[in-house]
Amino acid sequence: MAIRLGDEVPNFSADTTEGRIDFHQWKAGKWAVLFSHPRDFTPVCTTELGAVAKLKPEFEKRNTRVIGLSVDPLDAHERWVQDIKDVTGAQVNFPMIGDPDKKVADMYDMIHPNASDTATVRSVFIIGPDNKLKLTLTYPASTGRNFFEILRAIDSLQLTAKHQVATPADWQPGEDVIIVPAVSDEDAKKRFPGYVTKKPYLRTTPHPQG
Ligand code: BEZ
């Protein structure tokens, strides 16, 4: 069954390029991005894995661990790492799950049979410190993901978990945010002094500090 926003994500044990892990223990109260890619030694995947490796410091700044998965075995992941380095210049610096028996892929509904019976789609699961699913994305094999968008989404998720705000279309950190409708005008005056009312249901305020 599909995992939906707000659900606790299932735990699993798996072999990865960095050893065997228990997923919930591995993320240990941090945010996590679990993402699947269709196959090893394929062109789009090669560029994606290099892109994620280069962005690892950005994920770390956000207290977020990253882990990849495909249904290829670990020895293939290990051989492929050199190609990723040759092509992108980046050394893979996060674990990749080898899932040849599709245990994790099935658990997380990463195989969409009308797309492919055998390969995982490009799923992204952003999971909170409470192990609950905060955001999910599904891309087809032919469309590589924008990992800056994933960082931007984490910024929004972390901000909106802390303050009673929402982020508008195309928001970037530092830009104004929206006060959620559940906050009354009276409360908004105390919490967000000087906020702007564009419509009675659309009130904006500078990006909260802290
Ligand atoms: C790729 O990663 O390049 C890819 C994988 C499967 C189908 C098409 C492209």
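Below: a short report on this structure.

About the cut-offs
- Residues numbered from 1 in each chain as written.
- Predicted model: local features only at pLDDT ≥ 70, side-chain atom pairs only at ≥ 80, totals over all residues.
- Heavy atoms only, no water.
- Helix = DSSP H or I, 4+ residues; strand = E, 2+ residues; numbered from the N terminus.
- Contact = heavy atoms within 4.5 Å.
- Pairing = 2+ DSSP bridges.
- Phe/Tyr/Trp six-rings, centres within 6.5 Å; stacked < 30°, edge-to-face > 60°.
- Buried < 20%, exposed > 50% of the residue type's maximum accessible area, 1.4 Å probe, protein only.
- Near = heavy atom within 4 Å.
- Polar contact = N/O pair within 3.5 Å; in protein donor to acceptor, adjacent residues only side chain to side chain.
- Areas by Shrake-Rupley, 256 points an atom, 1.4 Å probe, with all protein chains shown as cover.
- Nonpolar A, V, L, I, M, F, W, Y, C, P; charged D, E, K, R; others polar.
- Core = buried A, V, L, I, M, F, W, Y, C linked by side-chain atoms within 4.5 Å.

### Here we look at the side chain of S123
Line of reasoning, step 1. Following the sequence through the fold, S123 ends up in strand β6 (residues 122–127).
Line of reasoning, step 2. Not counting the four nearest positions on each side in its chain, S123 is found in contact with L34, F35, S36, M110, L137 and R145.

### A word on the sheet that holds strand β9 (residues 177–179)
Line of reasoning, step 1. Within the open sheet, the four strands sit side by side as β8-β9-β11-β10. Their pairing is antiparallel. Lying at the two open borders of the sheet, with one neighbouring strand each, are β8 (165–166) and β10 (196–199).
Line of reasoning, step 2. When β9 meets strand β11 (residues 202–205), the two strands line up antiparallel, connected through two bridges. Each bridged residue has a counterpart across the sheet, and for V177 the counterpart in β11 is T205.

### Some details on the packing of aromatic side chains
The geometry of an aromatic ring pair is captured by two quantities: the separation of the ring centres and the angle between the planes.
Line of reasoning, step 1. A full pass over the atoms with the stated rule returns seven aromatic pairs.
Line of reasoning, step 2. On the numbers, 5.2 Å between centres and 80 degrees between planes, the contact of Y108 with F125 is edge-to-face. Of this pair, Y108 sits in the loop between α5 (103–107) and β6 while F125 sits in strand β6, and the two are 17 residues apart along the sequence.
Line of reasoning, step 3. Looking at Y108, the relative accessible area reads 1%, which means it is buried.
Line of reasoning, step 4. Look at F125 and you get buried, because its relative accessible area is 4%.

### What about the site of the ligand?
Line of reasoning, step 1. Residues in close proximity to the ligand include P38, T42, P43, V44, C45, R122 and A141, which together make up its full environment.
Line of reasoning, step 2. Taking V44, its main chain carries an N or O atom lying 2.5 Å from an oxygen atom of the ligand.
Line of reasoning, step 3. Separating an oxygen atom of the ligand from a backbone N or O atom of C45 is a distance of 2.9 Å.
Line of reasoning, step 4. Look at the ligand: alone it shows 260 Å² of surface, and the protein chains cover 72% of it.
Line of reasoning, step 5. By residue number, the principal contributor to the shell around the ligand is helix α2 (residues 43–54), which donates three residues.
Line of reasoning, step 6. Residue composition of the shell around the ligand, by class: five nonpolar, one polar and one charged.

### Side note on the nonpolar core
Line of reasoning, step 1. Core analysis: the biggest nonpolar cluster contains 25 residues, and V33, F35, F59, F94, I126 and I150 have the highest contact counts within it.
Line of reasoning, step 2. Of all the elements in the fold, those that place two or more residues in this core are β3 (31–36), α2, α4 (74–88), β6 and α6 (147–162).
Line of reasoning, step 3. Here this core gets six residues from one element, more than from any other, and that element is α6.
Line of reasoning, step 4. Here I126 is in contact with W31, A32, V33, K132, L133, K134, L135, I150, A153, I154 and L157, once residues within four sequence places are set aside.
Line of reasoning, step 5. Counting 21 residues, the second-largest nonpolar core is a separate cluster that includes V9, F12, L34 and V71.

### Some details on the environment of S184
Line of reasoning, step 1. Within the secondary structure, S184 is located in the loop between β9 and α7 (185–191).
Line of reasoning, step 2. The class for S184 is partly exposed, based on a relative accessible area of 35%.

### What to know about the environment of C45
Line of reasoning, step 1. Looking at the element boundaries, C45 is found in helix α2.
Line of reasoning, step 2. The spacing of C45 and A141 is 96 residues in sequence and 8.5 Å in space, taken between C-alpha atoms.
Line of reasoning, step 3. Setting aside residues no more than four positions away along its own chain, C45 makes contact with H37, P38, R39, W80 and R122.

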